[in-house]
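# Inside the fold
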Amino acid sequence: QKLKGNRGIDGYEYSTIQGYVPAYVPPGMDAPVTKSVPRRLVRYYNDKARNHVLRVGRSDLRDGRDGYKPAGDMGYIYSKRARGTVPLYHYYHAGRPDSLYTLRYTEFGRGNDGYKYEGVLGYVYPREQRNTAPLMRYFGSWHLNTRITSDRKELEGKKGGGGYQYAGIEGW
């Protein structure tokens, strides 16, 4: 709809523009692009909590802290923003417990549906690049848990397995 005189489409009158609001930039997207060296991305698993978490590089979990044990290397991730990369956001749901990772900040924003925003885990490519592996996300409906893997065979790819359903690729 078009503006009519000094009246906006919602019926309010306006007189002058007072200023402009800067465009919204999700967390991590405002980080400067730097030369960054990829670091190991490791998945840990807590059998009692049935929770998988990802950590970059050497982790405080490596010695079994809080019941977590190494469950495999996922590949590499940038700890600082490199050219062409985007943030991989980490959320945690204490009630389940569940660690969830996504490229879409708008999926949970500052927190939603019981998930608390934990921050940017690191930076990944949003599309396949040479010498990269997909970070595939799965959802286990029977225990309300998400899981990330870079091994296409681990949960039978897009078919899903072990009680998990394929939910898409979160990055490369």
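A brief structural summary. (Residues numbered from 1 in each chain as written. Predicted model: local features only at pLDDT ≥ 70, side-chain atom pairs only at ≥ 80, totals over all residues. Heavy atoms only, no water.)

## Comments concerning the side chain of Asn-46
The topology assignment puts Asn-46 in strand E1 (residues 38–46). A residue is classified by how much of its surface remains accessible, and Asn-46, at 8% relative accessible area, is buried. In this structure the side chain of Asn-46 is engaged in a polar contact, spanning 2.8 Å, whose partner is the backbone nitrogen of Ala-49. Here the side chain of Asn-46 touches Asp-66 through a polar contact of 2.8 Å, landing on its backbone oxygen. Sequence-distant contacts of Asn-46, that is, excluding residues within four places in its chain, are made with Asn-51, Asp-66, Gly-67 and Tyr-68. (Helix = DSSP H or I, 4+ residues; strand = E, 2+ residues; numbered from the N terminus. Buried < 20%, exposed > 50% of the residue type's maximum accessible area, 1.4 Å probe, protein only. Polar contact = N/O pair within 3.5 Å; in protein donor to acceptor, adjacent residues only side chain to side chain. Contact = heavy atoms within 4.5 Å.)

## Observations concerning the nonpolar core
Counting 17 residues, the largest nonpolar core has Leu-41, Leu-54, Ile-77, Leu-88, Tyr-101, Leu-121 and Leu-135 as the members making the most contacts within it. Elements with a minimum of two residues in this core: E1, strand E2 (51–56), strand E3 (68–78), strand E4 (86–93) and strand E7 (115–124). Contact partners of Ile-77, with chain neighbours within four places excluded, come to Pro-38, Arg-39, Arg-40, Leu-41, Val-56, Leu-88, Leu-121, Gly-122, Tyr-123 and Val-124. Of all hydrophobic cores here, the second largest spans 6 residues; its members include Tyr-91, Leu-100, Tyr-105 and Phe-108. (Core = buried A, V, L, I, M, F, W, Y, C linked by side-chain atoms within 4.5 Å.)

## Considerations on the sheet that holds strand E8 (residues 135–140)
Hydrogen bonds between backbone atoms are what pair the strands of a sheet, whose relative direction is either parallel or antiparallel. Reading across from one edge, E9-E8-E10 is the order of the 3 strands in this open sheet, with antiparallel pairing throughout. The open sheet terminates on both sides in strands that have one partner only, identified here as strand E9 (145–149) and strand E10 (165–171). Strand-to-strand twist in this sheet, taken as the mean axis angle between neighbours without regard to direction, amounts to 30°. Where E8 and E10 come together, 5 bridges link them in antiparallel fashion. Looking across to E10, one finds that Tyr-138 is bridged to Tyr-166. (Pairing = 2+ DSSP bridges. Axes fitted to C-alpha atoms, helices over the stretch in contact; angles between N-to-C directions.)

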